[in-house]
Amino acid sequence: MATDAPPPSKETHKLPTSEEFTEVQESAEFGELRRSYRSFAFPLTVGFIAWYLLYVLLSNYAGDFMGTKVVGNINVALVLGLAQFLTTFLIAWWYARTAAARFDPKAEAIKSRMEGGA
């Protein structure tokens with residue numbers, strides 16, 4: 001089976017020592033990367049979990065509301081359930097876009113320096 005992927009690189013990378021890992025972990029650049037990741041991922045995670053739990057609680061304790069017809073045989077529960085899928089995909093897309101633009105370049109710069117490429 002043929003692929004379009006390039007062959008593995010023949011160049012060898014220097015393996016960082018534990019002291020170098022500690023030094024990078026304590027650096028301002030790594031701290032900024034960690035802060036920017038956490039300031040994006042944690043609120044998004046908390047928000048999605050709250051949204052999911054709201055759906056579960058409404059399903060358990062607000063049966064009349066969830067059974068309210070919206071259009072034809074489509075009720076509020078179905079609309080909110082489908083919205084769960086939609087928000088999951090939107091969050092995954094948003095995270096991938098943000099990671100590619102903000103996190104990956106910083107992480108790649110740190111990695112290449114540690115491996116001796118910069």
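Residues numbered from 1 in each chain as written. Predicted model: local features only at pLDDT ≥ 70, side-chain atom pairs only at ≥ 80, totals over all residues. Heavy atoms only, no water.

Named according to an unreviewed UniProt entry, the protein chain is Integral membrane protein originating from Streptomyces sviceus.

## So, helix α4 (residues 76-114)
Between its terminal C-alpha atoms α4 stretches 53 Å, which fits the 57 Å expected from 39 residues at 1.5 Å a residue. Bending of α4 peaks at approximately 50° at the position of Ala99. Along α4, the residues classified as buried are Val76, Ala77, Leu80, Gly81, Gln84, Thr98, Ala99, Phe103, Ile110 and Met114. Residues of α4 that are buried make contact with α1 (18-25), α2 (28-61), α3 (63-66), β1 (69-71) and β2 (74-75). Remark: Gly116 follows α4 within two positions and exhibits a positive phi of approximately 85°. (Helix = DSSP H or I, 4+ residues; strand = E, 2+ residues; numbered from the N terminus. Expected span 1.5 Å × (residues − 1). Bend = angle between axes of the 7 residues up to and from the residue. Buried < 20%, exposed > 50% of the residue type's maximum accessible area, 1.4 Å probe, protein only. Contact = heavy atoms within 4.5 Å.)

## A few points about the pattern of salt bridges
Across all of its chains, the model carries 2 salt bridges by this definition. Notably, a salt bridge pairs Glu29 with Arg113, separated by 2.0 Å at the nearest N-O pair. Highlighted residues: Glu29 in helix α2 and Arg113 in helix α4, separated in sequence by 84 residues. Residue classification places Arg113 among the partly exposed residues on the basis of a relative accessible area of 40%. Note that Arg35 and Glu32 form a salt bridge whose closest N and O atoms lie 3.6 Å from each other. Of this pair, Arg35 and Glu32 both sit in helix α2, 3 residues apart, roughly one helical turn. (Salt bridge = Lys/Arg side-chain N within 4 Å of Asp/Glu carboxyl O.)

## Concerning the packing of α2 against α4
One way to put it is that α2 packs onto α4 with a least axis distance of 11 Å and a crossing angle of 170°. With respect to α4, the element α2 is oriented roughly antiparallel. Its residues placed into classes, the contact of α2 with α4 shows 20 nonpolar, 7 polar and 5 charged. (Axes fitted to C-alpha atoms, helices over the stretch in contact; angles between N-to-C directions. Parallel < 35°, antiparallel > 145°, perpendicular 65-115°, else oblique. Nonpolar A, V, L, I, M, F, W, Y, C, P; charged D, E, K, R; others polar.)

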